[in-house]
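In case you want the letters, here they are:
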Amino acid sequence: MTFSVSTLCLASGAPLLFRIDSQFLRGLGAALFSVGFVMAATPAFADENILAVDNGEVRCRASKADLTRISLKDDRFVSVSRVQTGVEGQDFSIVHEPTRGDIYISVPEAYAKPNISFFGTTQKGLVYKFDCQIGGDSAVQVFVANADIENPSAKPEVLTASGSLQDRAVGLVRAMFEQRPVTGFEIRDAARAPVNVGDMKVQLLTEYRSPTMTGKVLRIENASSSPIALREELIAGDGAIAVTISNPNLASGQATAAYVVVPAGR
């Protein structure tokens with residue numbers, strides 16, 4: 001498999017994984033995400049394409065009888081650290097190619113261990129621990145990409161202190177809808193058990209907490225046999241600063257997301 005295929009699975013699965021209005025889509029997202037993760041992390045039969053994190057471990061293959069090339073995507077090795085014992089059968093060789101910054105590994109015929117391990121430091125200041133299982137007679141290529149560079153974290157929403165309470169509430173709702181962090185807010189993702197409210201099942205999925213206001217992401221399901229129209233005052237109650245309902249008109253069994261902002265402590 002190639003890196004592009006595994007990345008496609010991860011990118012396709014992640015948005016579906018957080019779909020609130022469809023259990024099927026969330027399940028599909030979880031499956032795609034899992035497949036992408038396994039494809040990215042599991043050794044392939046030919047070239048290997050691996051997603052790694054800074055200070056993380058890279059598990060890969062190394063050729064027993066030929067060269068193993070390890071290359072970094074959009075980065076380059078600047079140094080490699082390993083233990084050299086001077087004992088025949090316990091040392092392997094690494095050559096640093098200066099033009100591209102790749103490294104080439106060769107394992108002597110007398111090497112007795114089933115794997116090789118070393119640390120690599122990159123030009124961008126990242127450090128990876130490599131643990132490569134030895135096997136096979138053909139040359140091996142390992143391509144490593146950094147997960148944080150490939151999939152950067154969303155920039156946090158900044159709520160301007162000089163703005164009105166309503167403007168800050170709107171910014172918080174936007175961040176909750178886009179699943180982004182918000183400066184000054186603690187995010188709690190532990191979902192609570194659904195509760196019955198009339199003909200609805202209401203479940204708290206996520207809370208954004210600050211000293212002044214709290215944002216809540218709710219999953220609301222129509223548990224009745226008839227269509228219902230959701231009213232903002234029914235969802236939020238008195239004192240809500242802002243309420244947004246993704247789909248206020250629910251058929252029987254249908255679910256939607258609601259985003260509610262209330263004063264802290266409510």
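Before reading further, recall that the structure is shown in the block above.
Quick summary incoming for the structure in this document. Every value quoted in this text rests on a predicted model; they were computed, and no experiment measured them. (Residues numbered from 1 in each chain as written. Predicted model: local features only at pLDDT ≥ 70, side-chain atom pairs only at ≥ 80, totals over all residues. Heavy atoms only, no water.)

## Side note on the overall build of the chain
Helix and strand counts for the chain come out as five helices and 17 strands. With 266 residues in all, the chain has 39% of them scored as buried. For the chain, the share of sequence-separated contacts (at least 6 apart) that also reach a separation of at least 24 residues comes to 56%. (Helix = DSSP H or I, 4+ residues; strand = E, 2+ residues; numbered from the N terminus. Buried < 20%, exposed > 50% of the residue type's maximum accessible area, 1.4 Å probe, protein only. Contact = heavy atoms within 4.5 Å.)

## Considering the sheet that holds strand β5 (residues 93-96)
Sheets are built from strands that pair by backbone hydrogen bonding, the pairs being arranged parallel or antiparallel. Read across the open sheet, the five strands follow the order β1-β9-β3-β6-β5; overall the sheet is mixed. Sheet topology places β1 (48-52) and β5 at the edges, where each strand pairs with a single neighbour. Here the strands of the sheet are splayed against their neighbours by 20 degrees on average, with no regard to which way each runs. Bridge count between strand β3 (residues 68-72) and strand β6 (residues 103-106): three bridges; the pairing is antiparallel. Opposite T68, over in β6, you have I105 as the bridge partner. (Pairing = 2+ DSSP bridges. Axes fitted to C-alpha atoms, helices over the stretch in contact; angles between N-to-C directions.)

## A short note on the environment of V217
With respect to the secondary-structure elements, V217 resides in strand β13 (residues 213-222). A sequence separation of 11 residues divides V217 from T206, and the C-alpha atoms of the two residues are 5.1 Å apart.

## Observations regarding the state of the cysteines
Throughout the structure, instances matching the rule amount to one disulfide. Each disulfide pairs two cysteine sulfurs, and for C60 the partner residue is C132, the sulfurs being separated by 2.2 Å. Here C60, found in strand β2 (residues 57-62), pairs with C132, found in strand β8 (residues 127-134); they are 72 residues apart in sequence, far enough to count as distant. With respect to burial, C60 and C132 carry one shared label: buried. (Disulfide = S-S within 2.5 Å.)

## Focus: unusual backbone geometry
Even without being glycine, D74 reaches a positive phi, approximately 55 degrees. If you trace the backbone, D74 turns up in the loop between β3 and β4 (77-81). The residue Q179 is not glycine, and still its phi comes out positive at about 55 degrees. By the secondary structure assignment, Q179 is in the loop between α4 (165-177) and β10 (186-188).

## Considering the nonpolar core
Core analysis: the biggest nonpolar cluster contains 24 residues, and I70, I116, F118, Y128, F130 and V144 have the highest contact counts within it. For this core, the secondary structure elements donating two or more residues are β1, β2, β3, β6, β7 (115-122), β8 and β9 (140-146). Ranked by residues supplied to this core, first place goes to β8 with four residues. The residues contacting I116, other than those within four sequence positions of it, are A62, F92, I105, V107, Y111, F130, D131, C132 and I134. (Core = buried A, V, L, I, M, F, W, Y, C linked by side-chain atoms within 4.5 Å.)

## Quick word on α4
In a regular helix each residue adds 1.5 Å, so 13 residues correspond to 18 Å; α4 covers 18 Å between its end C-alpha atoms and thus fits that length. If you check which residues of α4 are buried, you get A169, G171, L172, V173, A175 and M176. Tucked into the core, α4 has its buried residues touching β12 (200-209), β13, β15 (242-245) and β17 (255-263). The first or second residue beyond α4 is Q179, which carries a positive phi of 55 degrees. (Expected span 1.5 Å × (residues − 1).)

## Notes on the pattern of salt bridges
Across all of its chains, the model carries 11 salt bridges by this definition. E57 serves as the salt-bridge partner of K129, at 3.4 Å between the closest nitrogen and oxygen. Of this pair, K129 sits in strand β8 while E57 is found in strand β2, placing the two residues 72 residues apart along the sequence. Taking the relative accessible area as the measure of exposure, E57 reaches 35% and is therefore partly exposed. (Salt bridge = Lys/Arg side-chain N within 4 Å of Asp/Glu carboxyl O.)

Any functional reading would require information that these geometric values do not contain.
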